[in-house]
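# Summary of structural features
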Amino acid sequence: MPGRGRRFLIAAAGLLWIAITTPKLLQHASANTADLDTGNYHHLAWAIAHLGPADGFASSVLTRHHLGEHCSPVMLLVALPYLVWPSAYVLMLLQATAVWATIWMTLLFAHHTLRHPERAQRVEGPRLEDVSDSERGPSTALGMTDGMRRIVLAVFLVMLLVWPPLTATLATQFQPVELAAPLIALSLLLVHTRRTRWLWLTIPLLLSTRESAPLAVVGIGLYAGIGHRRWGLFGVLTTVAIAWLAIAMCVVMPYFRGGAEWGHTSYVDWSAAWDDKAIYLLVLLLGLGAFPFLGRRALAATI
């Protein structure tokens, strides 16, 4: 990529980060983040940083062990900035940055898909940054000129900025699972570009966000299998996801609950709140519009 184009992308990414982060910081500054979960995780991050992991996870304003409530060891990383800046603004910055990174990674994913649709069928080939624009030519394999592709990406950016799941993630309370969103987008990009070694760095981070994260890992595996015919990778990802799900929900969380039945356990039952779960899934699917019908890979990504 030419130096001018690289500088433009860096500037665009910076401006987008400022546009997303500023409202979140102002929301907290105006005392509009007075919600339960943000307070809980602010307390948890401070406790881990200043009391240590063992006492930190056991310290809770709800008088319940955090690892019994949710299996989110990623909070060990979230607590690191609290060593020098013990402020809830850390959570606000992480939350906004997660939304920004999700949007940016999704745009990169779309860019690669539009410009290199053949990547799914090719095991070896030149890296994107190793091929100049003059070598690629003025159009892509999909018959799009560079100008057409930029218009598509710009429209896609606007759609992401107003997409209800992302706007709700930015506006509501902090949850460690929100950190999974950019990791999912990055994992899909790594599968598409066949950077499998880097994938094995993102998957453990993704699994550490919450006990439900294995569902996303299985979805990434389905994308690898259906979208790229990499069924071996699908098998490995699914095995890792099932193993971590079993450890988190059958070992770690029951141990720290001490045998007690907590409120969240009622939702594990398939028959519990089935109407609310159906509406939740329907809203997610409707938010995708016609995307699932764009092809095999789009359907795999949707699943």
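For the structure, check the block above.
Residues numbered from 1 in each chain as written. Predicted model: local features only at pLDDT ≥ 70, side-chain atom pairs only at ≥ 80, totals over all residues. Heavy atoms only, no water.

## Some words on the overall build of the protein
When helices and strands are counted, the protein shows 15 helices and zero strands. Looking at the protein as a whole, 40% of its 303 residues are labelled buried. Partitioning the intrachain contacts of the protein with sequence separation of at least 6 by distance along the chain shows that 71% fall at a separation of at least 24. Surface exposure of the protein reaches about 16400 Å², of which carbon and sulfur atoms provide 71%. (Helix = DSSP H or I, 4+ residues; strand = E, 2+ residues; numbered from the N terminus. Buried < 20%, exposed > 50% of the residue type's maximum accessible area, 1.4 Å probe, protein only. Contact = heavy atoms within 4.5 Å. Areas by Shrake-Rupley, 256 points an atom, 1.4 Å probe, with all protein chains shown as cover.)

## Looking at the packing of helix α6 (residues 89-115) against helix α8 (residues 146-161)
At a minimum axis distance of 10 Å, the contact between α6 and α8 shows a crossing angle of 150°. Relative to α8, the element α6 is oriented roughly antiparallel. For α6 against α8, the interelement crossing comes out right-handed. For the pair α6 and α8, the contacting residues are I103, T106, L107, A110, H111, L114 and R115 in the first and D146, R149, V152, L153, F156, L157, L160 and L161 in the second. Its residues assigned to classes, the contact of α6 with α8 shows 10 nonpolar, two polar and three charged. (Axes fitted to C-alpha atoms, helices over the stretch in contact; angles between N-to-C directions. Parallel < 35°, antiparallel > 145°, perpendicular 65-115°, else oblique. Left-handed = near helix turned anticlockwise from the far one by under 90°. Nonpolar A, V, L, I, M, F, W, Y, C, P; charged D, E, K, R; others polar.)

## Quick look at the nonpolar core
By size, the foremost hydrophobic cluster in this structure holds 22 residues, and its most contacted members are M75 and L91. If you list the elements that add at least two residues to this core, you get α2 (36-51), α5 (75-78), α6 and α13 (231-257). Here this core takes five residues from α2, the largest share from any one element. Not counting residues up to four positions away in its chain, the partners in contact with L91 are T38, Y41, H42, V78, Y82 and F174. Core analysis: the next-biggest nonpolar cluster, separate from the first, contains 20 residues, L188, L199, L206 and A224 among them. (Core = buried A, V, L, I, M, F, W, Y, C linked by side-chain atoms within 4.5 Å.)

## Things to note about the packing of aromatic side chains
This structure, assessed with the given rule, holds five aromatic pairs. When the centroid spacing of 6.1 Å and the interplanar angle of 75° are considered together, the rings of Y41 and F174 count as edge-to-face. Here Y41 is found in helix α2, whereas its partner F174 is found in the loop between α9 (164-171) and α10 (180-192), with 133 residues between them in sequence. We classify F174 as buried; its relative accessible area is 0%. (Phe/Tyr/Trp six-rings, centres within 6.5 Å; stacked < 30°, edge-to-face > 60°.)

## Brief notes about the environment of H50
Of note, H50 is situated in helix α2. Taking the C-alpha atoms as reference points, H50 and P86, separated by 36 residues in sequence, lie 9.4 Å from one another.

## Concerning the environment of H192
The topology assignment puts H192 in helix α10. Distance in space between the C-alpha atoms of H192 and G227 is 8.7 Å, their sequence separation being 35 residues.

## Points about helix α12 (residues 213-228)
Helix length check: α12, at 16 residues, gives a terminal C-alpha distance of 22 Å against a target of 22 Å (1.5 Å per residue), a fit within 8%. Burial within α12 is extensive, with 13 of its 16 residues counted as buried. Where α12 ends, the next residue or the one after it, R229, has phi of about 55°, a positive value. (Expected span 1.5 Å × (residues − 1).)

Taken by themselves, the reported measurements are silent on function.
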